[in-house]
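Working through the structure, step by step
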Amino acid sequence: MTQTSASLTQSGKVREGKKAGIVGITANLILFIGKLIIGIITGSISILGDAINNITDACSSVLVLIGYVCAEKPADKEHPYGHARMEYLCSLIISIIITVLGIELFTNAVKALIHPGDAVVYSPVVLVIMIGAILVKSGLAVYYNHVGKKIGSPSLRASAMDSIGDVCATAAVIVGIFLTPVFGPRTDGVLGLGIAIYILVMGFLLIKESVDTLLGTAPDTELVKKIIARLKSYDGVLGIHDLVIHNYGVDRYFATVHLEMAADRDIMQSHDIIDNIEVDFSENMGIHMVVHFDPVCQDDERVTDLRNKVQAIAAEVAAEFSSPISMHDFRTVFGHTHTNLIFDIAVSHDMPLTDTELVQQMRDEIRRQLGDHYNTVITIDRDYTTNRY
């Protein structure tokens, strides 16, 4: 039975990642040398462009290899979270290189269109080599996709998609072999232009992906769902909020979360549950989890009634603006002249109201529905995750 990402150890993932990087480097270098020789002999812009694409793919494989080598390096005083993010930095560098090469190829293709030379003559050997390149790239795509799923590597799955794109680019060159005798020498320039545009698009997309990762993107929705489901499975957990997840490389996560638990429960028992949760996440999900305990009063009917009413008001506001809202840390301070309602509400980034406007909206609705006797102290939390819990 094939191992999954969850069943492989970190050293096993690193080993598989290194192997995939070496296979990619070897295959792409062979393809680059073969196409470069053919491109120089024939003077074909499209084949030279395809060769450039292969050398950038080889560099991408080098980055995959470097990333997994760095992943083995332990954390140190200067880098307490490890070195796995080096892969992201290398990815940004190679993305810029790909884009620069795409610009150069685009320029050469335009020149070939404006001042076409003699029609490129292709031999049957060239055709056989290009078909062989398609077979090799198709095999790489299947291999990358298999290993990427096996070890949970987004970089390898992206390499699989890139290989599929390369198959299409090489197929365009083969089409040119048959179209050039019919449409003339500008055909090579047109195909070279198409490949250049493809390389540029891939370069820009890779730059955006690398920059987004370095800036910090929202955690994967499926991961968030798994974390929330696991937290809710613990006895005594009444609510979850303020979940923050930091990623420091593939499968390197640090997280904090606030858990609502009964205020009247023995504090040592609650503390023991929290300790078990943190150990569970560390050992079974590889996540360094820090849990904050929020006590919830359940034995006061007045507090419970007010909490339910304010939650209903929050739900109405959420429906009005088509943006989810959740409430937590609800407390009350009863007085002779007025009662303070103190709580936090978490909203997603698609909420059209500003924090000040949302607070005012909630205050107006609470006073309208519950009366002027109630004052509110509201704190707005913006979600760091992409799905509502």
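The coordinates are above.
Remarks on the environment of R363
You can see R363 is positioned in helix α10 (residues 355-370). For R363, a relative accessible area of 29% gives the class partly exposed. Aside from chain neighbours lying at most four places away, what touches R363 is T376 and I378.

Considering a nonpolar patch on the surface
On the surface, a cluster of nonpolar side chains totalling about 520 Å² of accessible area is made up of V62, I66, M86, L89, I93, I97 and L214. Listed by contribution, the elements that provide at least two residues to the nonpolar patch are α2 (45-72) and α3 (86-114). It is α3 that contributes the most residues to the nonpolar patch, four residues altogether. Among the structural elements, I97 can be located in helix α3. For I97, a relative accessible area of 38% translates into the label partly exposed.

Considerations on the pattern of salt bridges
Tallied over the full model, the rule gives seven salt bridges. Between K150 and E16 there is a salt bridge; the shortest N-O distance is 3.4 Å. You can see K150 sitting in helix α4 (residues 124-151) and its partner E16 sitting in helix α1 (residues 10-42), a full 134 residues away along the chain. Exposure remark for K150: the relative accessible area of 16% places this residue in the buried category. A salt bridge links D280 to R230; the shortest N-O distance between them is 2.9 Å. Of this pair, D280 sits in helix α8 (residues 267-284) while R230 sits in helix α7 (residues 221-232); the two residues are 50 residues apart in sequence, bridging distant segments of the chain.

Criteria and thresholds
- Residues numbered from 1 in each chain as written.
- Predicted model: local features only at pLDDT ≥ 70, side-chain atom pairs only at ≥ 80, totals over all residues.
- Heavy atoms only, no water.
- Helix = DSSP H or I, 4+ residues; strand = E, 2+ residues; numbered from the N terminus.
- Buried < 20%, exposed > 50% of the residue type's maximum accessible area, 1.4 Å probe, protein only.
- Contact = heavy atoms within 4.5 Å.
- Patch = residues over 30% accessible without salt bridge, like charges linked within 9 Å, V, L, I, M, F, W, Y side chains within 5 Å.
- Areas by Shrake-Rupley, 256 points an atom, 1.4 Å probe, with all protein chains shown as cover.
- Salt bridge = Lys/Arg side-chain N within 4 Å of Asp/Glu carboxyl O.

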